[in-house]
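In case you want the letters, here they are:
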Amino acid sequence: MAITVTTPSDYQIFQRDGNDLADITITGTYTGSPVAIEASFNGGAYATIVASPSGGTFSGTLTDQDAGQGTLTVRFTDTPATLDTVAYVGIGDVFAVMGQSNAAGFGDNNQVYSHATLKASMWKLDVGSWGELLDPTGIIDTGGTQGKGSVWPIVATRHMASQGVPVGFITVAVGGTGLASTGQWAQGGAQYEDALAEIAASGVNDVKAILWFQGEDEVQDGISQTAYQTALSLMLDNMQADSPVLAGVKLMAGQIGDRNGEPREDLDAIRLAIQNRWNNDADILPGPLTYDINLDDGDQVHFGSGSDSELTTLANRWWRMISYYFFSGSQGRAPRFSGATRSGTQVTVTFTGGVSPLTGQTSIIGWRFTDNGTPISVVSAAASGTNGVVLTLASEPTGLGLLSFGSSTDAHDTLLLDSGTYPMPPEPFVNQATTGSVSLGDSFSATYDPAFGFYVDIEDSSGTKVGSGPLQTISKWRYTARMDRAGTIDFEVAANDAQIANVTNRAVVRAHALLNGTWTEVGAGVIDTLSVVPGSDGAVSLQASGLDLIRELSYRGVGQLEIGSGTGATHNSAIQTIGALAPDGWSFT
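Residues numbered from 1 in each chain as written. Predicted model: local features only at pLDDT ≥ 70, side-chain atom pairs only at ≥ 80, totals over all residues. Heavy atoms only, no water.

Enquirer: Would you explain helix α7 (residues 308-326) in this entry?
Expert: Helical geometry: 3.6 residues make up each α-helical turn, so side chains three or four residues apart lie on a common side. Counted at 1.5 Å a residue, the expected span for α7 with its 19 residues is 27 Å, and the 27 Å between its end C-alpha atoms agrees. Note on α7: the residue one or two positions beyond its end, S328, has a positive phi of about 60°. (Helix = DSSP H or I, 4+ residues; strand = E, 2+ residues; numbered from the N terminus. Expected span 1.5 Å × (residues − 1).)

Enquirer: Could you clarify how one ought to interpret the pattern of salt bridges in this entry?
Expert: A pair can form between side chains of opposite charge whenever their charged atoms are brought close. Inspection of the entire model under this criterion finds 15 salt bridges. For the salt bridge of D292 with R317, the shortest nitrogen-to-oxygen distance reads 2.7 Å. Pair noted here: D292 is in the loop between β14 (284-286) and α7 and R317 is in helix α7, with a separation of 25 residues, a long-range link. For the pair D292 and R317, one class covers both residues: buried. (Salt bridge = Lys/Arg side-chain N within 4 Å of Asp/Glu carboxyl O. Buried < 20%, exposed > 50% of the residue type's maximum accessible area, 1.4 Å probe, protein only.)

Enquirer: Before we go on, may I ask you to explain the layout of surface pockets in this structure?
Expert: In this approach, a probe sized like a water molecule rolls over the atoms, and the result shows the empty space that is left. Its volume calculated, the second largest pocket comes out at about 170 Å³. Looking at the second largest pocket, the residues that line it are T226, Q229, N276, R277, N280, G467, S468, A498, Q499, I500, A501 and N502. Elements with a minimum of two residues in the lining of the second largest pocket: α5 (225-242) and α6 (264-280). A per-element tally of the lining of the second largest pocket places α6 first, with 3 residues. Partitioning the lining of the second largest pocket into residue classes produces 3 nonpolar, 8 polar and 1 charged. (1 Å grid on protein atoms, 1.4 Å probe; cavity = no way out; pocket = protein on both sides within 12 Å on 5 of 7 lines; lining within 4 Å. Points joined across faces, edges and corners; volume = space filled by probe spheres on them. Nonpolar A, V, L, I, M, F, W, Y, C, P; charged D, E, K, R; others polar.)

Enquirer: Where do I start with the packing of aromatic side chains in this structure?
Expert: One pair of aromatic rings is described through two measures. These are the centre distance and the angle between the planes. Tallied over the full model, the rule gives 19 aromatic pairs. Summarising the aromatic geometry, the rings of Y324 and Y325 are spaced 4.9 Å apart at their centres and angled 90° between planes, so their arrangement reads as edge-to-face. Taking the relative accessible area as the measure of exposure, Y325 reaches 28% and is therefore partly exposed. Members of the aromatic cluster, each reached through a chain of ring pairs, are F95, W152, F169, F213, F303, W318 and F326. Directly above the ring of Y46 sits R75, whose terminal nitrogen or CZ lies 3.5 Å from the centroid. If you follow K148 out to its NZ or CZ, it ends over the ring of F106, 4.5 Å from the centre. (Phe/Tyr/Trp six-rings, centres within 6.5 Å; stacked < 30°, edge-to-face > 60°. Lys NZ or Arg CZ within 6 Å of the ring centre and 35° of its normal.)

Enquirer: What should I look at first to understand the confidence of the model for the protein in this one?
Expert: For residues with low pLDDT, the predicted coordinates do not support detailed interpretation. In the predicted model, the protein carries a mean pLDDT of 90, and the fraction of residues at 70 or more is 92%. Low confidence marks residues 437-452, where pLDDT is under 50. Its contacts with residues over four positions away, or in another chain, come to 52 contacts. (pLDDT = per-residue confidence, 0-100. Contact = heavy atoms within 4.5 Å.)

Structure representation (structure tokens):
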């Protein structure tokens, strides 16, 4: 007589539910004729899992087992000495790690987790079985080359110290793989299909979250912000639909660091795409910021290629975000840009969120200001309260003034951080407006210059704003009001504006300017005509024009409405009636 457990295996982790419980599904084979088969987890009471075994195979479930880790024992009920055991079975938390080499791990030195009693686990893509969490946790190319040191042992240490339950990682990241670039992580792509197959093969009952760290491949290929945003949300939607284990599971997306001197615009595009998904896809959660971690002492791509401190900082930031979103941690997203005002050479920047107060407010590392595309140096910085900074520029702008922080590699080693246990810098922002003041006459016609404060919102027909923010690349706006007929609007916007998909026929656009310190509407209308205009520098713009909001009257019909009382009205009385509705100073004949 004998009994052998097939699943679970040593070090396997089951995802606990909200009550810190999980079912353990058990399969195996046996010889002999047992009356029944029973099982016990982590020293708990035995429970029957198969009441009447037959055929030499068995499958059963230990239900509602408490979170923890220990030995699973399965035995014949009538001959308890006929048994098999499985070591370090756990009920805790399971994370699926996806992405490319920085998710797989490419640090020079392997990292090690620590806990007095618990073991951390992993299911590794190229091994196909559960084992103890040990670097290398991933592979760094599609040829199966072994990875190096990763953040996951450090994250495991933080997790188990906080939660007191084991943690497991299904590590399916592969170096050099792309999403919007090569399609390997898109539905039907090799990495997408491998990831789902490995998650299914691991036998997990559920997954706490997907931890996504990818995008360097897209930077190298010059993929646009919009393309990456679309691809990332679509990938997750498809995974949730294609894998029963991932149904409803959220994805935490880390924001990439450096990429070997690639163009500023390409690196910014992928970082901002990830940030955009944080704000606009409810199933994609903010992960760690990394743009300030200087990788120049290594290969300028991989965390830990220069020093272990890079991996430690990254791991701590992963844990900060995991703790906040999944385990009621109190410190979550980093400070976020709120606004900036300019007076002469001084720019006052305010932030919201993060862990107050900001530190390093006098550091000028990471700031970038351009005047019609030409950089103006930031010569000093000072604190403005606990969550703001006052910058002093080397000269006063004369044209289009735009402010950035954390663009490209500008913020390596910045001192501007929040006061979290694991501090993070502000979320990066690129080419944001700095506001001042303008005056308004009877009409408004201007070239877009954020230095004096101007923005354009897009709305649907019900007046609800659409998109993740206003148009930010307006090069011209003109509004002409008329009393005797509908007024007109026309404007020009860059074809690659982040909100360009919302600039459509019959969309409502509404412009605001900062007038004498007060935001004031300076024109609104309905888009009737759109045309694409290539510039001499190769840039493409979209020109839009239409009538003001009186245009919306054309959407309504009055049928056989009779105007007047039925007895008619004289010309003079009609003029008097209309004149009573006009502003002071207007006259009609």
